[in-house]
Amino acid sequence: MSTVMIIVLIAVVVVLAAATGVAVTRGRRTGGGRSLKRRFGPEYDRAVARHDGDTRAAERDLGERVKRHGSLRTLPLDPAERERYAARWAVAQERFVESPSEAVAEADRLVAELASARGFPDSGHYEDQLDALSVHHAHHVHGYRSVHRAALGTTGAEENRAATEELRAAMVEARALFDDLLADKGDRSTTRPGSDKHTTGKRSTGITRRGVQHG
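Here we summarise the structure given alongside this text. (Residues numbered from 1 in each chain as written. Predicted model: local features only at pLDDT ≥ 70, side-chain atom pairs only at ≥ 80, totals over all residues. Heavy atoms only, no water.)

**Quick notes on helix α7 (residues 141-152)**
Here is step 1: Between its first and last C-alpha atoms α7 spans 17 Å; for 12 residues at 1.5 Å apiece the expected length is 16 Å, and the two agree.
Here is step 2: The buried fraction of α7 is high, at 9 of 12 residues.
Here is step 3: Taken residue by residue, α7 has Val141, Gly143, Tyr144, Arg145, Ser146, Val147, His148, Ala150 and Ala151 as its buried positions. (Helix = DSSP H or I, 4+ residues; strand = E, 2+ residues; numbered from the N terminus. Expected span 1.5 Å × (residues − 1). Buried < 20%, exposed > 50% of the residue type's maximum accessible area, 1.4 Å probe, protein only.)

**Points about the packing of aromatic side chains**
Here is step 1: On inspection of all chains with the given rule, the structure shows 2 aromatic pairs.
Here is step 2: Here the aromatic rings of Trp89 and Phe178 are separated by 4.5 Å at their centres, their planes lie at 25 degrees, and the arrangement is stacked. Of this pair, Trp89 sits in helix α4 (residues 79-95) while Phe178 sits in helix α8 (residues 161-182); the two residues are 89 residues apart in sequence, bridging distant segments of the chain. Both residues of the pair, Trp89 and Phe178, count as buried.
Here is step 3: Aromatic side chains Tyr126 and Tyr144 sit 5.3 Å apart centroid to centroid with 80 degrees between the ring planes, which places their arrangement in the edge-to-face category. In this pair, Tyr126 sits in helix α6 (residues 126-136) while Tyr144 sits in helix α7, placing the two residues 18 residues apart along the sequence. (Phe/Tyr/Trp six-rings, centres within 6.5 Å; stacked < 30°, edge-to-face > 60°.)

**Some details on the nonpolar core**
Here is step 1: Counting residues in hydrophobic clusters, the biggest one holds 32 residues, and the most contacted among them are Val104, Val111, Leu133, Tyr144, Phe178 and Leu181.
Here is step 2: Grouped together as the second largest cluster of nonpolar side chains are 9 residues, Leu36, Ala47, Ala58 and Leu62 included. (Core = buried A, V, L, I, M, F, W, Y, C linked by side-chain atoms within 4.5 Å.)

What follows is the structure in structure tokens.
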């Protein structure tokens, strides 16, 4: 075999090896992206939007969250604690009738405290707590984000019907995450917040898991 042919063969091998490496790398990245999208659901899309459409940056962000918080194990709640949290949420819902801003602020505190009690980062570290919740409760974590933002901007909200409806929607979204955190997956008999056992007063807030009731 001539020297020229040997050089050509070596060049072909090098090119094929490089192409294979690129294909494998792309396959791993795409596979990882699909896995993250399945795990994070709507939170994946929010991460991409937050990074101005940069999918790689969003996936790095989400991957780091999984590394930091993926091994977290939820701490149990004893029945008395669960009942206390459920009762406090019911009172917050009742309070919404007279003071939406106070009710939303209490809902924000309750989610933070309950998350901390279940083993998530301390309630004083909102961003870290939010990241950890997004890893384990990705489909409902936006409810915490919504109610937290609402709680920070509720001045005079009772005087503005549109703002009050926004607060009501934030309470509804936060309720889904609160229920997830409150429940023991193996115990479906737990009294849910807002049930008749814990409702105080005679008027309803119209806040439900399925949406906002008017009238």
